[in-house]
Amino acid sequence: MLLLALGLRLGWGLSRPSAIDARLPDQREYLQLAENLLRHGRLVMDHDRFGPVRAYRMPGYPLFLALCGASVTAARMAQAVIDASVVLAVYLVARRWLSAPTALLASLATALNPFQIYFAALILSETLFTAMLAWGTALLAWRPGFLWGGIVLALAVHVRPSAVFLPLAMGYCAVFATHSAEMRRRRGWLRLPVGAGMLLLTAAALTPWWLRNLNVLESWVWLTTNGGITRYDGFNPDATGASDQSFLDTAVAAPAYSLNELARDRYFADLASSYIRETWQDDPARLLKLTLAKLARTWSPMPLSAEFGGRALYRWIALSWCVPLFALALVGLCRRELPRPARALLVAPALYFTVIHAMSVGSLRYRVPAEPLLSVLAAAGATAILPAIAEGLRRVAGRRVSVKASGNDQSPQQPADAGNGGEQGEAQRNAAGERP
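The following refers to the structure shown. (Residues numbered from 1 in each chain as written. Predicted model: local features only at pLDDT ≥ 70, side-chain atom pairs only at ≥ 80, totals over all residues. Heavy atoms only, no water.)

## Side note on the overall build of the protein
What counts here: Runs of H or I in DSSP of at least four residues are treated as helices and runs of E of at least two as strands, each being numbered from the N terminus. Burial classification: accessible surface area is computed with a 1.4 Å probe over protein chains only, and a residue below 20% of its type maximum counts as buried, one above 50% as exposed, and the rest as partly exposed. Each accessible area value is a Shrake-Rupley result obtained with a 1.4 Å probe; residue values ignore everything except the protein chains displayed when judging cover.
For the protein, the count of helices and strands is 18 helices and 2 strands. Within the protein, buried positions represent 44% of all 436 residues. Here the protein has roughly 22200 Å² of accessible surface; of this, 63% comes from carbon and sulfur atoms.

## Let's talk about the packing of helix 1 (residues 2-15) against helix 5 (residues 100-112)
Selection criterion: Where helices are involved, their axes are fitted lines through C-alpha atoms of the stretch in contact, as for all axes, and angles between N-to-C directions lie from 0 to 180°. Here roughly perpendicular refers to angles of 65 to 115 degrees, roughly parallel to angles under 35, roughly antiparallel to angles over 145, and oblique to all remaining angles. It only takes one pair of heavy atoms within 4.5 Å for two residues to be counted as in contact. Classification used: nonpolar for Ala, Val, Leu, Ile, Met, Phe, Trp, Tyr, Cys and Pro, charged for Asp, Glu, Lys and Arg, polar for all others including Gly.
Running from amino to carboxyl end, helix 1 crosses helix 5 at an angle of 10 degrees, the nearest separation of the two axes being 9 Å. Between helix 1 and helix 5, the angle is such that the two are roughly parallel. Across from Leu-4, Ala-5, Leu-8 and Arg-9 in helix 1, the residues of helix 5 making contact are Leu-108, Thr-110, Ala-111 and Leu-112. A per-class count over the contact of helix 1 with helix 5 returns 6 nonpolar, 1 polar and 1 charged.

## As for the packing of aromatic side chains
Just so we agree on the cut-off: Note on aromatic contacts: the rings of Phe and Tyr and the six-membered ring of Trp form a pair at centre separations within 6.5 Å, being stacked when their planes are under 30 degrees apart, edge-to-face when over 60 apart, and tilted otherwise.
Going through the model one piece at a time under the given rule, you end up with 15 aromatic pairs. Ring geometry for Tyr-30 and Tyr-61: centres 5.0 Å apart, planes at 80 degrees, overall edge-to-face. One end of the pair, Tyr-30, is in helix 2 (residues 26-40); the other, Tyr-61, is in helix 3 (residues 60-67), and 31 residues separate them in sequence. Between the aromatic rings of Tyr-352 and Phe-353, the centroid separation amounts to 5.3 Å while the plane-to-plane angle is 85 degrees, which identifies the pairing as edge-to-face.

## Thoughts on empty space enclosed by the protein
Formally: Residues are called lining when one of their atoms sits within 4 Å of a cavity or pocket point, these points coming from a 1 Å grid over the protein atoms alone, where a cavity is a set in which a 1.4 Å probe fits but cannot get out and a pocket is an open set with protein on both sides within 12 Å along at least five of seven lines. Grid points are joined across faces, edges and corners, and a volume is the space filled by probe spheres set on the points.
Throughout the structure, instances matching the rule amount to 1 cavity of 30 Å³ or more. Computed from the structure, the largest cavity encloses a volume of approximately 30 Å³. Forming the walls of the largest cavity are Asp-83, Gln-116, Phe-119, Glu-126, Thr-127, Thr-130 and Val-368. Those elements that place two or more of their residues in the lining of the largest cavity are helix 6 (114-119) and helix 7 (126-142). With 3 residues, the single largest contributor to the lining of the largest cavity is helix 7. Grouping the amino acids of the lining of the largest cavity by side-chain chemistry returns 2 nonpolar, 3 polar and 2 charged.

## Here's the deal with the pattern of salt bridges
Inclusion rule: The salt bridge criterion pairs a side-chain nitrogen of Lys or Arg with a carboxyl oxygen of Asp or Glu, the two atoms within 4 Å.
Under the defined criterion, the tally for this structure stands at 9 salt bridges. Note that Glu-29 is salt-bridged to Arg-57, the shortest N-O span being 2.6 Å. With Glu-29 in helix 2 and Arg-57 in the loop between strand 2 (51-53) and helix 3, this pair connects stretches of sequence that are 28 residues apart. In this structure, Glu-29 and Arg-57 share a single accessibility class: buried. Put simply, Asp-26, Glu-29, Arg-57, Glu-126, Arg-160 and Arg-365 are held in one network by salt bridges that share partners.

## Considerations on a nonpolar patch on the surface
Quick reminder of the rule: Patches were defined on residues exceeding 30% relative accessible area and lacking a salt bridge, with like-charge contacts within 9 Å and nonpolar side-chain contacts (Val, Leu, Ile, Met, Phe, Trp, Tyr) within 5 Å.
Taken together, the side chains of Met-1, Leu-4, Leu-8, Leu-104, Leu-105, Leu-108 and Leu-112 present a nonpolar region at the surface, about 520 Å² in accessible area. Taken together, the elements giving at least two residues each to the nonpolar patch come down to helix 1 and helix 5. The element best represented in the nonpolar patch is helix 5, accounting for 4 residues. By the element assignment, Leu-105 lies in helix 5.

## Remarks on the side chain of Asp-83
To keep things clear, this is the line we draw: Any pair of nitrogen or oxygen atoms within 3.5 Å is treated as a polar contact; in protein, a donor-acceptor pairing is required on top of that, and neighbouring residues in sequence qualify only through side-chain atoms on both sides.
Relative to the elements of secondary structure, Asp-83 occurs in helix 4 (residues 72-95). Note on Asp-83: relative accessible area 1%, which makes it buried. A distance of 2.5 Å separates the side chain of Asp-83 from the side chain of Arg-9, its partner in a polar contact. A polar contact is formed between the side chain of Asp-83 and the side chain of Gln-116, at a distance of 3.3 Å. Excluding its chain neighbours within four sequence positions, the residues that come into contact with Asp-83 are Arg-9, Gln-116, Ile-117, Ala-120 and Thr-127.

## As for the nonpolar core
Rules: Only buried residues count toward a nonpolar core, which is a set of Ala, Val, Leu, Ile, Met, Phe, Trp, Tyr and Cys residues joined through side-chain atoms within 4.5 Å.
Judged by nonpolar contacts, the single largest core of 78 residues is most densely connected at Leu-65, Trp-97, Phe-129, Leu-166, Met-170, Leu-338 and Val-376. The dominant element in this core, judged by the number of residues it contributes, is helix 7, at 9 residues. Excluding anything up to four places from it in sequence, Val-376 contacts Val-90, Val-93, Ala-94, Leu-98, Ala-106 and Leu-346.

Structure (structure tokens):
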């Protein structure tokens, strides 16, 4: 299974052009950050509109690219290996509660996931974050005390800032999913409450980044200076639910060009807050429609963007994958093959990112890290319904065979006494006449 996953990802990645896809500009920004780290030792990039920015992206993925020499080919090969390892992580997570064949089915689904294969060849943070989430969940499921899983999930915030509260959510779910006398006995000497423990781990993981920003920007920046633009991208008069930062070329963004990085972030955040407040008062239905549009984009079974949704091949591959996966995951979520706390743990990332991106912008790329854990639910769902389907098919086939056999055995026969019906009738009448 691991070799299959690795072969698919390497084959796809090495077949791509060496130049990055211009339709995804985030790739160029990540590469520029990695190159500046290697050449100058500074995490800085030249924004195409605002000039140099120093806390526009979290440092985790640029550091990974720097370790790959800021090489697109090397990064794709490394990401192929990393994403293939998710297959093993999914097997371990599934094996915590399910049988070995069901766990192998979940691993197979992860190995064949077309979205994971596709993103493994892109210079984007999805692949690295997906692996960290999967391995963090595996450690939470198997290791007592939640320390190692919490560390991995806390470090994952350096790759995707929107996951800042995910360690807390996953920790709480893991408490109930792994609750047993054996796990309590295996816990180490440090027994902090899981909520406080996850918050402390997240704060400890982010402290170097906070101190660096205080030194470089002379101000506390908890995550990035990209949050304000992202928020206004999701809440502005022309918002559709998709990411469209063309507003940066309009008059509303003109004052931001004279501001520094921190003030610009606050400026757009304030614009978004004002829009939300005014729209809530004047047209709350608009906010509801916008939220539903973001949810639809995040969980669309096929690409919706003009660049990727316009290709029939992409649409059919996505539909043939997502529709069975989502349907079986819903079955697995409703059935009892998995304990209820385990189901909560597996679905928590999907719910978390659904809520987070309802407050910014929606895209199917934001749900990709949750799909390996959904594959475990889907495998449980398949295990639940496939025997019932097979039994139903056997019954239908058995009925057809019995009907056919009974039809062959029957042949038209004349009654033995067909010719003496009159004599029988006469005997009956005589018998009736003997009574007084």
